[in-house]
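For reference, the chains in residue letters:
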Amino acid sequence: MKLLLIEDSHRLRHALGRGLRKMGYAIDMVGDGREGFDYGRFNEYDVIILDLMLPEMDGLTVLRKLRALGKDTHILILSAKDRIEDRVEGLELGADDYLVKPFSFDELCARIATLLRRRYQAKNPCLDLGPIMLDTAKRVATREGTTLELTPGEYSVLECLAMNRGRVISKERLQESIHDSDSYVNTNVVEVLVCNLRKKIGAKSGKKVVKTRRGYGYYIE
Amino acid sequence: MLLLSGVLLLLVIAGIAFWSIVRSRIVREFDRVLETEARGLMVLTAREGEQIEADYGDWISDVEELQEDENEDEEGDDDEDDDEGEDDGQEAFFELFLENGVVIRKSAGLGTMDLPRAPGEEVIFRDVTLPDGDRGRLVQVAFYPEVDEPDPESTDKEPENLFDLPAEFHGKKVKVVLVVARDREHLEELLSSLALTLGVLGLLLMGGIALVIRVSLGRGFQPLDHFQEQVEAIGPDSLDQRVSLAAPAAELDGAVVALNDLLDRVEQGFERERRFSDDVAHELRTPLAEVLTACEVGEKWPEDPEATRQLFEHLRESATHLRGVVTTLLELARCDSGNATVSRESISLKTLLEDCWERATERARPKSIEIELPDGDLVVESDPDRLRIIVQNLLDNAVAHGDANSVIRCELREGQSRILEISNAATGMTPYDVRHVFDRFWQKDSSRTASDQSGLGLSIVKALCKLLGIGVLAELAEGNRFVIILALPGEMGDPKQEGS
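Quick caveat, the model's predicted, so the values are computed rather than measured. Along each chain, residue indices are assigned from 1 in the same order as the chain's sequence is written. Chains carry letters from A onward and ligands carry numbers from 1 onward, assigned in written order. Side-chain atom pairs in this predicted model are given and counted only at pLDDT of 80 or more, local residue features only at pLDDT of at least 70, and totals for whole chains, interfaces and linings cover all residues. Excluded from the side-chain calculations are hydrogens and water; all other atoms, namely the structure's heavy atoms, are used.

Chemist: How would you summarise the overall build of chain A if you had to cite specific residues and measurements?
Modeler: Helix and strand assignments follow DSSP, with helices taken as H or I runs no shorter than four residues and strands as E runs no shorter than two, numbered in order from the N terminus. Within chain A one finds nine helices and eleven strands. A 1.4 Å probe rolled over the protein chains alone gives each residue an accessible area, and that area as a share of the maximum for its type sets the label: buried under 20%, exposed over 50%, partly exposed in between. Counting only residues that meet the buried cut, chain A has 54% of its 221 residues in that class. The contact definition used throughout considers only heavy atoms, calling two residues in contact when any of these lie within 4.5 Å. Sequence separation of 24 or more characterises 58% of the internal contacts of chain A that already satisfy a separation of 6 or more. Accessible area of chain A: about 9900 Å², with a carbon and sulfur share of 48%. Computed with the Shrake-Rupley method and a 1.4 Å probe, the accessible areas treat only the protein chains shown as cover for residues.

Now the structure itself:
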């Protein structure tokens, strides 16, 4: 799952970046509105986290322009402006959620997860994948009650495939969605992650859960 | 109301004046008739020998005839005039006296009554009450009757016309006084009906004027009502509205323009307040968010010592920034409320500049900004802590917003006051910016954290300068240099109060 953070405070970018990566998200971070707009229109993100008071181009303008282009990526506004008028304006311009600073990190994560569920139309945070259960809210996978020890990368792959259940996801797409845009990795990493993931799911059940479609990619049924 | 009272008063006065004028003209006319009658009778008064002849027979019968005619007329209108109490008595009376008051002859109708006789030789007109109770008016004339030669042959002298002079008057010139009186009830009736007519007309006129005034005032007030409606509709949420007149109205134009200007200023004031509170919110909330998130993330994943160290470093920076903002806001609040106590000490400006520059070098170095300090020194009397804040803020501001690879120049001058001038290269700065540079939270770039400046710097400079009695001025000099000029009090000098 890939996020875009448009926030001008470098310290906040740093803290949030670390935290969200630990949560298993891939995240691109930019510090001004113009760059944010460019990233937003040219890349695919699951959620965009948007600050309002930005240099170059303010947050509401970025929002307006992205929506005008027809981008319906979920956008969560993160702002110090807390008046009702500000919240209403943001939501009316096309934002999907509005969180006021200072905020709780847990709340931010929960709201991001909600937007993801909405994106993949999976209202139930718990996904039953057969041998294993995936709780996208808590971001854990369990097998018969036991939590699987997954690395963030492994969890990301699992979640991406689970959310896109029934669809074949190419390696490139997987790689894009689980890595920051500026990380230079090749698709081998994805193969390694899938391999480790299968092992952790179970020697036999691993391949049953995460299936391969030769020449195309992976999928979960 | 005032208008109506005024008009009413005018109408009343006009009515009274008119009525008085008419009355006096009519009375004068009446008097003229009286006088003519009297003169007529005078001609008929003659002295023959020791007798006075007053041959008024024709006059009397004329009067009686007229009286009969009138009575007939009145009988004809009996039904209506029955209870009016009009005069049944005579219309005209006369009385002829000797100088001494002895009556020579008088009208039959007088009965035992005498017409009043006033002393004096002139022609006198007076009001009188007639025997039948009616009001009348008389004329009194004193004259010497014409002397006729006694004519022994005339036989048609009526006895009643003749009067023998008392003995004392024999052989002497005799003066007689003739009084002729006429009933003036008709006259009075005429005047009453005139007064009544005037009164009724006046009231109608009043009513008409009141109506006209009402209507035209109503029309006149319509634009005012419209104006009032618009003004009432403007509230704190609709301050962008302006007032306009449906149709041009000269009396209101000035007021409309003035009001719209006021609304402009009020709207700007509100805007400034709103921006200020937004900016305070952001200024305090963003570092708090940084602190909170850093703590939460550090708490969740404490394993990586390098990452944790970095988080703590950021925490310190955020907290420091927050402290700066809070301190500045408190200082501003104190200046605003007038609660600040000011001390006075001698301060060397050169030393102060050097100290402050040392603190600013950390940020100046990456931008390769240098400083030109003044050669000489100036000593001023001021509050040392606050002056330090002022100078530090000015230098920090110059470093933060000045161009890279440029030079900050500091000059000290002695003129009418002691001048400290700090200038920096500032391409891209416009006169508009200079006008707003002291606004709270004003920053050229509308975001905040990018430069880690709070935007409060120059506004605190302005507030502190005001507190310490230091004049401060910002301007754009040639070569696009941003210049701040401080005018400081010397030792025990009087501060030059000068706003920017």
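Chemist: Break down the nonpolar core for me, with residues and values.
Modeler: A:Leu20, A:Tyr25, A:Ile112, A:Leu129 and A:Leu158 are the most contacted members of the largest nonpolar core, which has 57 residues in total. Here A:Leu129 is in contact with A:Leu134, A:Leu158, A:Ala162, A:Arg165, A:Val209 and A:Ile220, once residues within four sequence places are set aside. B:Cys335, B:Leu387, B:Ile422 and B:Phe438 belong to the second largest nonpolar core, which has 45 residues in total. What we call a nonpolar core is a set of buried Ala, Val, Leu, Ile, Met, Phe, Trp, Tyr and Cys residues that are connected through their side-chain atoms within 4.5 Å.

Chemist: Give me the lowdown on the environment of A:Val190, citing residues and values where you can.
Modeler: Residue and element names in this part refer to chain A. Relative to the helices and strands, Val 190 resides in helix α8 (residues 188-201). Using a relative accessible area of 0% as the deciding quantity, one classes Val 190 as buried. Expressed as a C-alpha distance, the spacing of Val 190 and Gly 153, which sit 37 residues apart in the sequence, is 8.8 Å. Setting aside chain neighbours within four positions, we find Val 190 in contact with Lys 171, Leu 174, Gln 175 and Tyr 218.

Chemist: Give a description of the sheet that holds strand β7 (residues 132-135) of chain A that names residues and reports values.
Modeler: Residues and elements named next belong to chain A. Any two strands are treated as partners once DSSP identifies two or more bridges connecting them. As summarised here, the arrangement of the four strands in space is β6-β7-β8-β9, forming an open sheet in which the pairing is antiparallel. Across the chains shown, the open sheet's two edge strands, defined by having one partner strand only, are β6 (126-128) and β9 (146-147). Where β7 and strand β8 (residues 140-143) come together, four bridges link them in antiparallel fashion. Across the sheet, Asp 135 pairs through a bridge with Val 140, a residue of β8. As a rule, the C-alpha atoms of each element are fitted with a line to give its axis, helices using only the stretch in contact, and angles between N-to-C directions run from 0 to 180 degrees. Against the sheet, helix α6 (residues 152-163) engages β6, β7 and β8, with an angle of about 95 degrees to β7.

Chemist: So what's going on with the interface of chain A and chain B? Residues and values would help.
Modeler: Of the residues lining the interface, 26 residues belong to chain A; the matching set on chain B comes to 33 residues. For the pair chain A and chain B, the two sides together bury roughly 2700 Å², of which 57% comes from carbon and sulfur. A quick way to say it: buried area is the sum, across both parts, of accessible area lost when two parts are put together, with a 1.4 Å probe. On the chain A side of the contact with chain B, A:Arg11, A:Arg18 and A:Met53 bury the most area, a combined 28% of that side's loss. Between Lys or Arg on one side and Asp or Glu on the other, a salt bridge is scored when a side-chain nitrogen of the former is within 4 Å of a carboxyl oxygen of the latter. Inspection of the chain A/chain B interface yields five salt bridges. Its salt-bridge partner being A:Arg11, residue B:Glu317 comes within 2.8 Å of it at the nearest N-O pair. As used in this structure description, the phrase polar contact means that two N or O atoms lie within 3.5 Å; if the pair is within protein, one of them must be able to donate a hydrogen and the other to accept it, and residues adjacent in sequence are counted only when both atoms belong to side chains. Counting the contacts that link chain A with chain B gives 13 residue pairs in polar contact (both at pLDDT 80 or more). For the side of chain A that touches chain B, the secondary-structure elements that each account for two or more residues are α1 (10-22) and α5 (105-119) of chain A. Top element by residues in the side of chain A that touches chain B is α1(A). It accounts for nine residues.

Chemist: Go over the side chain of A:Ser79, please, and point to the residues and values.
Modeler: The residue A:Ser79 is located in strand β4 (residues 74-79) in this model. Apart from the residues lying within four places of it in its own chain, the contact partners of A:Ser79 are A:Asp51, A:Leu52, A:Tyr98, A:Leu99, A:Val100 and A:Lys101.

Chemist: Before we move on, can you summarise the packing of helix α1 (residues 2-43) of chain B against helix α4 (residues 185-233) of chain B with the specific residues and values?
Modeler: All names here are of chain B. Running from N to C, α1 and α4 cross one another at 160 degrees; their axes reach a closest spacing of 10 Å. Here α1 lies roughly antiparallel to α4, going by the angle between them. As for the relative orientation of α1 and α4, their crossing is right-handed in sense. We call Asp, Glu, Lys and Arg charged. Ala, Val, Leu, Ile, Met, Phe, Trp, Tyr, Cys and Pro are nonpolar, and the rest, Gly among them, are polar. Within the contact of α1 with α4, the residues separate by chemical class into 22 nonpolar, two polar and two charged. Throughout this description, any angle smaller than 35 degrees is read as roughly parallel, any larger than 145 degrees as roughly antiparallel, any in the 65 to 115 degree range as roughly perpendicular, and the remainder as oblique. By definition, turning the near helix anticlockwise from the far helix through less than a right angle yields a left-handed crossing, and turning it clockwise yields a right-handed one.

Chemist: Describe in detail the confidence of the model for chain B, supporting the description with residues and values.
Modeler: All names here are of chain B. What pLDDT reports is the predictor's confidence in each residue, on a scale of 0 through 100. Chain-level statistics for chain B give a pLDDT mean of 80 and a share of 88% at 70 or above. In this model residues 446-451 is a low-confidence stretch, pLDDT under 50, and it forms 21 contacts with partners more than four residues away in sequence or in other chains. Low pLDDT (under 50) marks residues 493-500, which in the prediction has 17 contacts with non-local residues, meaning those over four places away or in another chain. As scored by the predictor, the complex reaches a pTM of 0.55 and an ipTM of 0.78.

Chemist: Which residues make up helix α10 (residues 457-468) of chain B, and what values go with them?
Modeler: All names here are of chain B. A helix is expected to span 1.5 Å multiplied by its residue count minus one. With twelve residues, α10 ought to run about 16 Å at 1.5 Å a step, and its terminal C-alpha atoms sit 17 Å apart, in line with that. By the criterion of burial, α10 is predominantly enclosed, with nine of the twelve residues buried. All of the buried residues in α10 are Gly 457, Leu 458, Ser 459, Ile 460, Val 461, Ala 463, Leu 464, Cys 465 and Leu 468. Looking at the buried positions of α10, the neighbouring elements they touch are α6 (305-337), β12 (379-382), α8 (384-401), β15 (471-477) and β16 (481-488).

Chemist: Account for the packing of aromatic side chains, with residues named and values stated.
Modeler: Under the pairing criterion, centres of Phe, Tyr and Trp rings, with the six-membered ring standing for Trp, must be within 6.5 Å; the plane angle then separates stacked pairs below 30 degrees from edge-to-face pairs above 60, leaving the rest tilted. Overall, the coordinates contain one aromatic pair over all chains when judged by the stated rule. Plain terms: the ring middles of A:Phe105 and B:Trp301 are 6.1 Å apart, the flat faces sit at 90 degrees to each other, and that makes the pair edge-to-face. Taken together, the residues A:Phe105 in helix α5 and B:Trp301 in the loop between α5 (250-300) and α6 connect one chain to another. Overall, B:Trp301 belongs to the buried group, its relative accessible area being 14%. In our convention, an over-ring charge means Lys NZ or Arg CZ found within 6 Å of a ring centre and within 35 degrees of that ring's normal. The ring of A:Phe37 is capped by A:Lys65, whose NZ or CZ atom sits 5.2 Å from the centre of that ring. The side chain of B:Lys173 reaches across the aromatic face of B:Tyr144, ending 4.5 Å from its centre.

Chemist: Before we move on, can you summarise the packing of α1(A) against α5(B) with the specific residues and values?
Modeler: In contact at an axis separation of 9 Å, α1(A) and α5(B) are set at 25 degrees when each is read in the N-to-C sense. It follows that α1(A) is roughly parallel to α5(B) by the angle criterion. At the point where α1(A) passes α5(B), the crossing takes the left-handed sense. Contact with α1(A), carried on its side by A:Arg11, A:Leu12, A:Ala15, A:Leu16, A:Arg18 and A:Gly19, involves B:Ala289, B:Glu290, B:Thr293, B:Ala294 and B:Val297 of α5(B) and no other residues of that element. Grouping the amino acids of the contact of α1(A) with α5(B) by side-chain chemistry returns six nonpolar, two polar and three charged.

Chemist: Give a description of unusual backbone geometry that names residues and reports values.
Modeler: All names here are of chain A. With an omega of -10 degrees, the peptide bond running from Lys 101 to Pro 102 counts as cis. Along the chain, Pro 102 falls in the loop between β5 (97-100) and α5. For Glu 144, which is not a glycine, the phi torsion comes out positive at approximately 50 degrees. By the element assignment, Glu 144 lies in the loop between β8 and β9.

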